[in-house]
Amino acid sequence: MMKMIDVAKRANVSTATVSRVLRKPDKVSKDTREKVLAAIKELNYQPNMVARQFRTKETKTVLVVIPDVTSPFFSEVLRGIEHIALESGYRVILGDTENNINREHEYIELLLQQQADGMILLTARMDRARLEEIANQFPVVLACEYIDELDVPTVSIDNISAARKATEHFIQLGHTRIAHIAGPMNVILSRDRLKGYEQALISHQLPIDPLYIKEGDFSLESGYNQMLHLLELEVPPTAVFVFNDLMAIGAIKAVKDKGLRVPEDIAVVGFDNIKMTSVFEPNITTIDQPKYEIGKKAMDLLLNLMNGETLERKKFVLKDELIIRESSGFKRI
C-alpha cells in the first residue's frame, strides 16, 4: 500500500507539499501540483479515508510522540498532557518511537494525513529543516527535548544549568574526582548535561578527564556497565553525576556488586526525580524536573496553536530543583 512519502519521493517534493496539494491545491504552483498529481496517479495512491473525512472539521485528537514509553520519566509528562487535553475535549494518541528516528517520521505521517489536529513531540531527533517544515503546516509543540534556535513553541528546563548544579553539589561536598555517565551524544539533552558538568569543573579549576566521561544509552543496564568501567580505572572517581535516574540506579547496583558503598566510597547524583528514587536504597539525590507541569504547559500551548492564536512567547523554561538525599552523602573532610 502506497504512502504519502512514496508520492513525495516520486514527485521529488516533500510530504508537506503532497499534503498541501491534497488539502489546498491553490496554495501550490501549477508545475508542482501537476507533478504531484501525476505521481499520485502513477502510484495509484489512495489518501487515507479518515483524513478525507476530517478534511473540513477537527478530529479532536492530538498526537504525542514519545522516545520511550517504558521510561518512568514520561508517565508524569503524559499525565499532564492528557489532563488538559481531556478537559478541552481532546483525546490523545500516543506514538512510541523506541528512540528510533525513522519511527519519528512515521508518526508524523499521521499528522500529514490529518488524523490529528496537532502534535506534541517529546523527542526532537529529526532534521531541523524537516521539523520546521512540519511546524509551518501544522500545530506542533516540543516538550522536554528541544532544538537550538528553532522557531517552534518549546517547554523544557535549563539542562545545562541543572547539570552544573548537580556537579557543583559534589564540589561543595569536597569531591575533586567527579565522573559523568552521559546519555547518547546524538541527543541534545545529553550534550547539554555534559556541558553543564564540564562548566562546573572548569569554574572550580578542576580538570576534565576524558576517562571520567562514559556514554550510556538511558537504560539501567548501561548505567551499571559504565559504572563498572569507572570502577576499573587505576584512579576511580569518588563521585558520579549520571544522566538520568534509571542509569543512576544501575550505577549504584554496580558499586554494591563490587563490595563498595554509596555514598561512603562512591557518591551518586541522578536526574529527573522519578518516584523510585525516594524508595531505592540509598535514596537518590537527583534533579527534579516539573514533569506534570511540562506536560500541562505543552498541551496549553498546543491548544492555543490549534485555535489559531498567535503566541507572543514561544520558549518556556520551567524551574528545576536539586533534591538532596542519601546517595550524595555528606561533606568530605
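Everything here concerns the structure above.
All values reported here derive from a predicted model rather than from experimental measurement. (Residues numbered from 1 in each chain as written. Predicted model: local features only at pLDDT ≥ 70, side-chain atom pairs only at ≥ 80, totals over all residues. Heavy atoms only, no water.)

Undergrad: Outline the overall build of the chain, listing residues and values.
TA: Per the secondary structure count, the chain includes 12 helices and 12 strands. Structurally, the chain occupies a C-alpha span of about 75 × 40 × 35 Å along its principal axes. Looking at the chain as a whole, 55% of its 333 residues are labelled buried. Put simply, of all contacts in the chain between residues at least 6 apart along the chain, 71% involve residues at least 24 apart. Accessible area of the chain: about 15700 Å², with a carbon and sulfur share of 49%. (Helix = DSSP H or I, 4+ residues; strand = E, 2+ residues; numbered from the N terminus. Buried < 20%, exposed > 50% of the residue type's maximum accessible area, 1.4 Å probe, protein only. Contact = heavy atoms within 4.5 Å. Areas by Shrake-Rupley, 256 points an atom, 1.4 Å probe, with all protein chains shown as cover.)

Undergrad: Break down the sheet that holds strand β8 (residues 239–242) for me, citing the residues and quoting the values.
TA: A sheet is described by the order of its strands in space; here 6 strands give the open sequence β7-β6-β8-β9-β10-β12, paired in mixed fashion. Looking at strand neighbours, the two that pair on one side only are β7 (213–215) and β12 (321–323), the edges of this open sheet. Each strand of the sheet is rotated relative to its neighbour by a mean of 20°, with strand direction disregarded. Where strand β6 (residues 178–182) meets β7, 3 bridges bridge the pair, whose relative direction is parallel. By the bridge assignment for β7, Ala182 is matched with Glu215. Running over the sheet, helix α10 (residues 220–231) touches β6, β7, β8 and β9 (267–272) and is turned about 150° from β6. (Pairing = 2+ DSSP bridges. Axes fitted to C-alpha atoms, helices over the stretch in contact; angles between N-to-C directions.)

Undergrad: Quick one: what's the story with the sheet that holds strand β11 (residues 315–317), residue by residue and with numbers?
TA: With parallel pairing, the 6 strands of this open sheet are ordered in space as β2-β1-β3-β4-β5-β11. Because the sheet does not close on itself, it has two edges, and the strands there are β2 (91–96) and β11. Geometrically, the sheet is characterised by an average inter-axis angle of 15° between neighbouring strands, direction not taken into account. Bridge count between strand β1 (residues 61–66) and β2: 6 bridges; the pairing is parallel.

Undergrad: Any chance you could break down unusual backbone geometry for me, citing the residues and the numbers?
TA: Cis geometry marks the peptide bond from Val262 to Pro263; its omega dihedral reads 15°. Cis rather than trans, the peptide bond between Glu281 and Pro282 has omega equal to -5°. Along the polypeptide, Pro282 turns up in the loop between β9 and β10 (285–288). At Asn44, a residue that is not glycine, the phi angle is positive and equals roughly 55°. As for its position among the elements, Asn44 is in the loop between α3 (30–43) and α4 (49–53).

Undergrad: How would you sum up the environment of Leu322? Please name residues and give values.
TA: Looking at where Leu322 falls in the secondary structure, it is placed in strand β12. The spatial distance from the C-alpha of Leu322 to the C-alpha of Glu76 is 18 Å, given a sequence separation of 246 residues. Those residues in contact with Leu322 that lie beyond four places of it in its chain are Lys165, His169, Thr285, Thr286 and Ile287.

By themselves, these figures tell us nothing about what the structure is for.
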